[in-house]
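Descriptive analysis of the structure
Now for the letters of each chain:
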Amino acid sequence: MGDNDGHPKHHCGVFGVFGHPEAAKLTYLGLYALQHRGQEGAGIVCAGNGRLNGHRGVGLVSDVFKPHKLGRLKGDRAIGHVRYSTFGSNNLKNVQPLMADYAKGSMALGHNGNLVNAGALRDDLEERGGAIFQSTTDSEVIIQLIARSRKERFPDAVIEALRKVIGAYSIVALDNHCMVAARDPLGFRPLWIGRRGGATIFASETCALDIIDADWVREIEPGEVVVVTQDGMESYKPFEQVTPKPCIFEFIYVARPDSEIFGQSVDEVRKRLGRNLAKLAPVDADIVMSVPDSSNQAALGYAHESGIPFDMGFIRNHYVGRTFIEPDQSIRDFGVKIKLNAARSAIQGKRVVLIDDSIVRGTTSKKIIKVLRRCGVEEIHFRISAPPIINSCFYGIDTPDRERLIASQMSVEEIRQYLGVDSLVFMTIDGLLDAAGGNKDQYCTACFTNQYPTMLPSDFDRKEKDAPRHLDTSTELFF
Ligand code: AMP
């Protein structure tokens, strides 16, 4: 539950710097590189002179941080967060890093992912523990659990808190003495360790290490907790080890193609997806085009494999945010028009292979196909580099309720007719796994397969918790 309204909401980006005099400025740059992971809010919390100072705001990193605000964030450690969410939750109190003062001092937390038992934990903390929550985010549950821990050391309190939560988390946390970065045992979301001179860096993706010229050290492992203090870095594996299930949708859509995550180059995985699509669904056509930017690499892969030339049939206006950012359907429809325009001369009278990374509600596809038809395209062969999305994500990808997922309501042929294309083919699960270099046990593919690797929020709502759906043996270990 991202925002406590029964529906998962955010994918986000986190960043941290320990041991650099310009920690806040480096974090600002890191957040810039992670802007694609969240555009609705940004924040940085800095530790210096024995206290934490933060600044958070709603909007893009460049809107939130003006030079005078950044200049006030002094200290050699900082954590940052970019937030992505939808309606009802885009207010300042939900923007991260969350900060709290508690009996043992001050702390801050940035969290990427969704916890499936946050609602149940929150009810318990409020009803039995008398907790007062400041935000509606699931992330604040972690803060409350840390504050309630009896452990003396901050990292131990963080570990104790994380033992109680189930779901997806890649976190960076800070107190006055140390920085903690951790990935949940299933490793749903990425998290990297980097180094810049003597400073340790944490970042959701390597593109954020590159922007500050940091070396890539390694990915934090699923279930690993890394603690950095003045004395150096320590690594802990405090949770029972289980087979990791990183989110395969990170490759398809979320991560930047210039990043490496889960041991693979996103660019290469996307190109392989395109190649696999060309093998799966070849067609006679004049050009291959993408819906920029998210399907550029898949379209290139399709073009390479098929021998059909790639062309930029759509031009993207880069000065507007991602399509999904707007809270309701009417504004989102408008968003498509302001973002993408067809390069008429490139497509008029042509038979095009149109590649997109995914179809969620079908709204974007319907609009862009209308635009192409208006420009006199001869034929549209629509190829999707993800399989049909038939289930909601509970681990931090913004997917609507099942009923609003077009592929859960219509067959492929019905979708083809609804969109008005000449042919429509989705990637298969096997083709996807092949491109991601793994088998079905190596990734979370729940949005395509309904195989959720943990219990779901609804399992915690029920009184009888003895027969949870999709209970992976791994999840028992969390209790
Ligand atoms: P739609 O089918 O209109 O709901 O939107 C599908 C388009 O949104 C795809 O072409 C993707 O590029 C993009 N997309 C897919 N998943 C997400 C997501 N979770 N958040 C934001 N955008 C997404």
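Please refer to the structure higher up on the page.
The text that follows walks through the structure, step by step, so that each part is easy to find. (Residues numbered from 1 in each chain as written. Predicted model: local features only at pLDDT ≥ 70, side-chain atom pairs only at ≥ 80, totals over all residues. Heavy atoms only, no water.)

Attention now goes to the site of the ligand. Close to the ligand lie 17 residues, the nearest being D356, D357, R361, G362 and T364. Separating an oxygen atom of the ligand from a side-chain N or O atom of D357 is a distance of 2.7 Å. Protein burial of the ligand: of its 500 Å² of free accessible surface, 97% is covered by the chains. Elements that contribute at least two residues to the shell around the ligand include exactly α8 (249-254) and α13 (363-374). (Near = heavy atom within 4 Å. Polar contact = N/O pair within 3.5 Å; in protein donor to acceptor, adjacent residues only side chain to side chain. Areas by Shrake-Rupley, 256 points an atom, 1.4 Å probe, with all protein chains shown as cover. Helix = DSSP H or I, 4+ residues; strand = E, 2+ residues; numbered from the N terminus.)

Glancing now at the packing of aromatic side chains. Applying the stated criterion to the full structure yields 10 aromatic pairs. Taking the centre distance of 5.7 Å and the plane angle of 85° together, the rings of F251 and F262 count as edge-to-face. Here F251, found in helix α8, pairs with F262, found in the loop between β14 (260-261) and β15 (264-265); they are 11 residues apart in sequence, far enough to count as distant. Each member of the pair, F251 as well as F262, carries the same accessibility label: buried. The ring of F133 carries the charged tip of R122 above its face, separated from the ring centre by 4.0 Å. For the cation-ring pair, K366 lies above Y418, with the distance from its terminal atom to the ring centre recorded as 4.4 Å. (Phe/Tyr/Trp six-rings, centres within 6.5 Å; stacked < 30°, edge-to-face > 60°. Buried < 20%, exposed > 50% of the residue type's maximum accessible area, 1.4 Å probe, protein only. Lys NZ or Arg CZ within 6 Å of the ring centre and 35° of its normal.)

Judged by side-chain charge, K337, R344, K370 and R374 come together as a positively charged surface patch. Topologically, K337 is positioned in helix α11 (residues 329-339). (Patch = residues over 30% accessible without salt bridge, like charges linked within 9 Å, V, L, I, M, F, W, Y side chains within 5 Å. Salt bridge = Lys/Arg side-chain N within 4 Å of Asp/Glu carboxyl O. Lys, Arg positive; Asp, Glu negative; His and termini not counted. Charge placed at Lys NZ, Arg CZ, Asp CG, Glu CD.)

Another point: the environment of S411. Among the secondary structure elements, S411 is positioned in the loop between α14 (406-409) and α15 (412-419). Sequence separation between S411 and P388 is 23 residues, and the spatial gap between their C-alpha atoms is 9.6 Å.

Remember that the coordinates give geometry; whether it matters functionally is a separate question.
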